[in-house]
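# Residue-level structure breakdown
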Amino acid sequence: MKITVVGTGYVGLVTGACLADMGNHVHCLDVDAAKVRALNEGTIPIYEPGLEAVVRRNEAAGRLSFSTDVAAGVGHGVLQLIAVGTPPGEDGGADIRYVLEAARSIGKHMSEYRVVANKSTVPVGTADKVRNEIQKELEIRGADIPFSVVSNPEFLKEGAAVEDFMRPDRIIVGSDDERATALLRELYAPFQRNHDRLMLMGVRSAELAKYAANAMLATRISFMNELANLAEAIGADIEEVRRGIGADARIGTHFLYPGAGYGGSCFPKDVKALARTAAAAGLPLRVVAAVEQANEAQKHVLGDKIKARFGADLRGRRFAVWGLAFKPNTDDMREAASLALIEDLRAAGAQVCAYDPVARPELKAVELAESAMAAVRGCDALAIVTEWAEFRAPDFPALRRALGTPAIFDGRNLYDPVVVRSLGFEYFSIGR
């Protein structure tokens, strides 16, 4: 099948590469000439395990191409998958201008039947707006060309996106058009050979399902973080509590790990956008608002613990930070808890030396180390923000010798408190 993917960001690039890997001919379209040029030169703009190999394999096979040629992109695929960014607007809602620009471009250049599928995370009702924009462009041209607009939200986890696409737990299609539905069933057939994972529903239900899924996961995280803070205050151990409630099949074990707060490109943006959608409908989601508030507060817990130990004035102090990305196996630092911690430390007068295996940002007044051990040398204490695998079993004796004060502030509860304290460390974790 011939497919056009509009947008070569995180969702678009993974989608295009994985669809090409099933034998489809995929044209990835982007208006960013520099990004397209880099992709054609073999540079992958994001870090995602396994993605580079899939991209290169399908480029070499002639099934995956990248260009800025809008007319060629619209002409290529009967399926036009919109996967452009929807950044937060000034009011907290999702900014869908790029989605609508893509829709107008399709309307300007289409010459035969097209299925336009929104993979971007968009507010409920966006499909109607996309349909209207395409129809306006056709009317301007005086053209009467049939088309369908459907919702096909993505459910990819950063750090496991290729695996998620290749082995989905569900494929949601919001469609009221039989012809479009049949094409999407054909598209996703190779990804569900064991059993049918495609869930057909109304377009608006599909749009809401994406926001609901992310908001539910964010809710579990904020609930566990608040419960952890309570456990610590009253002398309970949140890890024991987690095991106790996770054994209940109605609750399960996923997303019950307390930490320094969630971040990334999805949860913060989507929680805000869902709250905005609800407010516009006159039905504010009070739970969702509390989730966001709790998360913002949680990002400062590590900084508060450090100041409680060393004092509010940290001038002359130097701290190591392990982990900058918002989660392991990605270089994405959007809304990362590390940024809040670094800001808190810098505001109190401290110096910061940070290390992340993948994320290499340019941070003002922050030194970036080349290794975890290099980051701690000459530092008063260590703060762990991201649970990268290489942090799970460090050389504790060497770590103790390197730190001016053998103190670890563990924002991901990586270590056993009894073991670490027996090695001579002061150990501060979350909810224990």
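All values derive from a computational prediction rather than experimental measurement.

### Comments concerning the pattern of salt bridges
One pass over the structure, following the stated rule, counts 28 salt bridges. Note that R56 and E52 form a salt bridge whose closest N and O atoms lie 2.7 Å from each other. Of this pair, R56 and E52 both sit in helix α3 (residues 51-60), separated by 4 residues, roughly a single helical turn. Where E239 meets R242, a salt bridge forms, and the shortest distance between an N and an O atom there is 3.0 Å. One end of the pair, E239, and the other, R242, are both in helix α10 (residues 238-246), 3 residues apart, so they sit about a helical turn from each other.

### Regarding the sheet that holds strand β9 (residues 318-322)
The strand order across the open sheet formed by 6 strands is β11-β10-β9-β12-β13-β14, and the pairing between neighbours is parallel. Edge positions in the sheet fall to β11 (366-368) and β14 (426-428), since each of these pairs with one other strand and no more. Averaged over all pairs of adjacent strands, the angle between their axes in this sheet comes to 20°, without regard to strand direction. Bridge analysis of β9 against strand β12 (residues 381-384) gives 4 bridges, and the strand direction is parallel. Bridging across to β12, F319 finds its partner in A381.

### A word on the pairing of strand β10 (residues 351-355)
For β10, the buried fraction is high: 4 of the 5 residues fall into the buried class. Sheet topology places β9 next to β10; 5 bridges connect them, and they run parallel. Along β10, the bridge assignment pairs V321 with A354. Pairing of β10 with β11 involves 3 bridges; the strand directions are parallel.

### Comments concerning helix α11 (residues 267-280)
Because an α-helix packs 3.6 residues into every turn, residues spaced three or four apart end up facing the same way. Over its 14 residues, α11 extends 20 Å from the first C-alpha to the last, a length consistent with the 20 Å expected when each residue adds 1.5 Å. By the burial criterion, the buried members of α11 are F267, P268, K269, D270, V271, A273, L274 and A278. Positive backbone phi, at 80°, marks G282, one or two positions downstream of α11.

So, how was this worked out
Residues numbered from 1 in each chain as written. Predicted model: local features only at pLDDT ≥ 70, side-chain atom pairs only at ≥ 80, totals over all residues. Heavy atoms only, no water. Salt bridge = Lys/Arg side-chain N within 4 Å of Asp/Glu carboxyl O. Helix = DSSP H or I, 4+ residues; strand = E, 2+ residues; numbered from the N terminus. Pairing = 2+ DSSP bridges. Axes fitted to C-alpha atoms, helices over the stretch in contact; angles between N-to-C directions. Buried < 20%, exposed > 50% of the residue type's maximum accessible area, 1.4 Å probe, protein only. Expected span 1.5 Å × (residues − 1).

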